[in-house]
Amino acid sequence: MEDGRRAHIAIAVWACTTLCLVSYTAAFSHGASLSSCTDMMPRHLRVQLHSSSNNYVTVHTNMSSYLPGDKVPVTVRSTRDFMGFMLQARKVSNDEIAGIFVFISPGSKLLTCFEDGDTVTHSDKSLKRNLSFVWKAPDQPIGDIKFFISVVQSYFVYWAKIESAIVAQRGQN
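Conventions we followed
Residues numbered from 1 in each chain as written. Predicted model: local features only at pLDDT ≥ 70, side-chain atom pairs only at ≥ 80, totals over all residues. Heavy atoms only, no water. Disulfide = S-S within 2.5 Å. Helix = DSSP H or I, 4+ residues; strand = E, 2+ residues; numbered from the N terminus. Buried < 20%, exposed > 50% of the residue type's maximum accessible area, 1.4 Å probe, protein only. Phe/Tyr/Trp six-rings, centres within 6.5 Å; stacked < 30°, edge-to-face > 60°. Salt bridge = Lys/Arg side-chain N within 4 Å of Asp/Glu carboxyl O. Pairing = 2+ DSSP bridges.

Caption draft 1: Up close: the state of the cysteines. Inspection of every chain in the model, using the stated rule, returns one disulfide. Paired through a disulfide, Cys37 and Cys113 show a sulfur-sulfur distance of 2.0 Å. The chirality of the disulfide connecting Cys37 with Cys113 is left-handed, given an S-S dihedral of about -75 degrees. A residue pair is termed long-range when its members are at least 10 positions apart, and Cys37 in the loop between helix H1 (2-28) and strand E1 (48-50) and Cys113 in the loop between strand E7 (108-111) and strand E8 (119-122) qualify at 76 residues. Looking at Cys37, the relative accessible area reads 4%, which means it is buried. Among the residues examined, Cys113 registers a relative accessible area of 15% and is labelled buried.

Structural data, given as structure tokens:
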């Protein structure tokens, strides 16, 4: 009878552990965690960071400068499939998140790190390669910005804070 009880306890512990891990994993399949807002690092178990200089993802915009309130198109291009991402615009002067996204690609959703819509993340784990977004600059001057993206290729492999070229604010002294 003691062996039967141990078997039931072992099965219950296994089931509990499995359910916890599945729910933890499923949470990231629907987007980045708010705990990633500041450093843009995935919060997966045992992830392996790869050098940003050896990535296969680029962040582009067709504008080299903007005015306060402008809408700036942003494209993400990749030579390989990836599942997850987090995209933000940040001030060059102090690395603060700036502006909001007003258009996002399918398979994406807005995330509120500090302001509604200031970050975009994946909404599912479908494979992605080419994404398009539109970022809206704040109405007040904030200075030059860069776009940053962190990309998750698989649950264990990612690149953090891949950066775009500087987009200068026009009319600065």
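Caption draft 2: Looking closely at the packing of aromatic side chains. Taken as a whole, this structure holds six aromatic pairs when the rule is applied. Ring geometry for Phe101 versus Phe133: centroids 6.3 Å apart, planes at 75 degrees, classification edge-to-face. Of this pair, Phe101 sits in strand E6 (residues 100-103) while Phe133 sits in strand E9 (residues 131-136); the two residues are 32 residues apart in sequence, bridging distant segments of the chain. By the burial criterion, Phe101 is buried, and Phe133 matches it. Ring centres of Trp135 and Phe147 lie 5.5 Å apart, and the angle between their planes is 90 degrees; this geometry places the pair in the edge-to-face category.

Caption draft 3: The arrangement of the pattern of salt bridges in detail. With the rule as written, the count across this model stands at eight salt bridges. Across the salt bridge formed by Arg170 and Asp70, the nearest N and O atoms sit 3.7 Å from each other. With Arg170 in the segment after strand E12 (168-169) and Asp70 in the loop between strand E3 (65-66) and strand E4 (71-78), this residue pair connects regions lying 100 residues apart in the sequence. According to the relative accessible area criterion, Arg170 is partly exposed, its value standing at 38%. Salt bridges sharing partners connect three or more residues here, namely Arg90, Asp95 and Lys161.

Caption draft 4: Just the pairing of strand E11 (residues 157-163), in detail. Within E11, five of the seven residues are buried, which leaves it mostly tucked inside the rest of the structure. As consecutive antiparallel partners, strand E10 (residues 145-154) and E11 are separated by two residues.

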